[in-house]
Amino acid sequence: MEDYQAILDVFDQHHSFALSVHINPDGDAVGSELALYSFLRDLGKQVRVFNTDAVPDNYHFLPFSEVIQGPDDVQDYSPEILVILDASTRMRIGDKLCRTLIPTKAVVNIDHHDTGDRFGDYNLVETDASSTSEIIFRLIKHREMPIGRDRALCLYTGIMFDTGCFRYNNSAPVAHRIAAELIEQGNFPVDGVYRQVYESVSIGKMRLLAEVLQTLNLTQDGKIGWLWATQEMFRKTGTTPDDVEGFVNHVRAIDSVEVSIFVSELEDGRSKASLRSEAHVDVGKVAADFDGGGHQRASGCVIHASHELAVKRLVENTQKRMRSITNGNSGR
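Residues numbered from 1 in each chain as written. Predicted model: local features only at pLDDT ≥ 70, side-chain atom pairs only at ≥ 80, totals over all residues. Heavy atoms only, no water.

All right, on to the packing of helix α4 (residues 132–142) against helix α5 (residues 148–162) then. The interhelical angle for the contact between α4 and α5, taken along N-to-C directions, is 145°, at an axis separation of 8 Å. For the pair α4 and α5, the contacting residues are S133, E134, I136, F137 and I140 in the first and R151, C154, L155, G158 and I159 in the second. Classifying every residue of the contact of α4 with α5 by side-chain character gives 6 nonpolar, 2 polar and 2 charged. (Axes fitted to C-alpha atoms, helices over the stretch in contact; angles between N-to-C directions. Helix = DSSP H or I, 4+ residues; strand = E, 2+ residues; numbered from the N terminus. Contact = heavy atoms within 4.5 Å. Nonpolar A, V, L, I, M, F, W, Y, C, P; charged D, E, K, R; others polar.)

Take a look at the structure:
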């Protein structure tokens, strides 16, 4: 792992930058990326931001969100430095960006996933951090630059999201202390941030949830539960796979469930999966078996199979890991 000063030295020694995050960006990906964009701009750098997928509607309130461009906007842009945030592998930024967004000098990898590759020429990877946003906070503080209101709002949103509103076991005391400092510096209403991220729901998304809940199923022992959404459901409700964020938590709320699975059918026939674990099963390892990634308690992957077959494979993999735990192994 590189230290913070080494990364800051790279930033100081170069002028042009590109930033990118994993496909289907979440609150931590978007928040950390936008905060770093602002930081580099304040250092006088040329910065452009390219993501495979658009910013979800519930994050449009974040400062600088309008600067994010898509893969088709790269064209002939060749930055000196490419910074990839919150992605466990370089491929997680998407196939097209992997092919076209090529730096002339180096790749900087900033991440907190314990299943991630050290794919950068420089790697700032802290698996004990609650979020990539927490790492960006430390990076800015190391430079002794003020966080400021806009960056505080971005970073708080990222930490809030990746800690599940400070409910997950990555909500260490340091995450709470950083959050408190961000609230003080940003002077924003935390209830307003929560509403923007979690309670800004369209009628289409509510109707989609009603459809999805009809697919609820559990293994015989009740320890694994799953839901899925199909393309037909999206068409019927006027929604997209972007609208399913948080649906996996409806399975997680069932008292007997230890591992929750949510699968969305994509237009090309593949299936996007979100996984959550309560205590024992490392779902980051489950996702990694399908070329995905994440954390022990929250992860995701894309499987080249129908939604039904994807669920079957994920359940079988999870059951195998549960049996391993029962037999005295770590299950990881």
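Next, the rest of the story.
With 53 residues, the main nonpolar core has F11, L19, L36, V83, I136, L139 and L182 as its most contacted residues. Beyond its immediate stretch of four places on either side in the chain, L36 contacts F11, L19, V83, L85, I110, I136 and L139. Listed in part, the 34 residues of the second largest apolar core include A273, A287, F290 and A310. (Core = buried A, V, L, I, M, F, W, Y, C linked by side-chain atoms within 4.5 Å. Buried < 20%, exposed > 50% of the residue type's maximum accessible area, 1.4 Å probe, protein only.)

Moving on: unusual backbone geometry. Phi is positive for D86, close to 60°, though the residue is something other than glycine. Residue position: D86 is located in the loop between β4 (81–85) and α3 (95–100). Of note, the phi angle at N187 is positive, near 50°, even though the residue is not glycine.

Once that is clear, we can look at the packing of aromatic side chains. Under the counting rule described, the total for this entry stands at 7 aromatic pairs. Aromatic side chains Y194 and Y198 sit 5.0 Å apart centroid to centroid with 35° between the ring planes, which places their arrangement in the tilted category. Pair noted here: Y194 and Y198 are both in helix α7 (residues 190–198), with a separation of 4 residues, about one helical turn. The exposure class of Y198 is partly exposed, given its relative accessible area of 28%. With centroids separated by 5.8 Å and ring planes inclined at 90°, the aromatic side chains of F247 and F262 adopt a geometry described as edge-to-face. Of this pair, F247 sits in the loop between α9 (231–237) and α10 (248–252) while F262 sits in strand β9 (residues 259–265), and the two are 15 residues apart along the sequence. For F247, a relative accessible area of 3% corresponds to the buried category. The ring of Y77 carries the charged tip of R48 above its face, separated from the ring centre by 4.8 Å. (Phe/Tyr/Trp six-rings, centres within 6.5 Å; stacked < 30°, edge-to-face > 60°. Lys NZ or Arg CZ within 6 Å of the ring centre and 35° of its normal.)

Counted according to the given criterion, the structure contains 14 salt bridges. Here D72 makes a salt bridge to K96, at a shortest N to O gap of 2.3 Å. In this pair, D72 sits in the loop between β3 (68–69) and β4 while K96 sits in helix α3, placing the two residues 24 residues apart along the sequence. A salt bridge links E232 to R235; the shortest N-O distance between them is 3.3 Å. With E232 and R235 both in helix α9 and 3 residues apart, the pair spans about one turn of that helix. The exposure class assigned to E232 is partly exposed, which follows from its relative accessible area of 46%. Members of the salt-bridge network, linked through shared partners, are E126, E134 and R138. (Salt bridge = Lys/Arg side-chain N within 4 Å of Asp/Glu carboxyl O.)

Glancing now at the environment of S271. Following the sequence through the fold, S271 ends up in strand β10 (residues 271–277). For S271, a relative accessible area of 0% puts it in the buried group. It is 24 Å that separates the C-alpha atoms of S271 and I254, two residues lying 17 residues apart in sequence. The contacts of S271, once residues within four sequence positions are left out, are V263, S264, C301, V302, I303, A305, S306, H307 and A310. At 2.7 Å, the side chain of S271 forms a polar contact with the backbone oxygen of A305. (Polar contact = N/O pair within 3.5 Å; in protein donor to acceptor, adjacent residues only side chain to side chain.)

Our focus in this paragraph is the sheet that holds β3. Strands sit in the order β3-β2-β1-β4-β5-β6 across an open sheet of 6 strands; the sheet is parallel. What marks the edges here is a single partner per strand, and that holds for β3 and β6 (122–125). Sheet topology note: the strand β1 (residues 16–21)/strand β2 (residues 46–50) ladder contains 4 bridges and is parallel. Each residue of the ladder has a partner; that of F17, found in β2, is V47. (Pairing = 2+ DSSP bridges.)

Along the chain, F137 turns up in helix α4. Take F137: its relative accessible area is 6%, and that puts it in the buried class. Once the C-alpha coordinates of F137 and L182 are considered, the two residues, 45 residues apart in sequence, prove to be 9.1 Å apart. Excluding anything up to four places from it in sequence, F137 contacts I147, L155, I178, E181 and L182.

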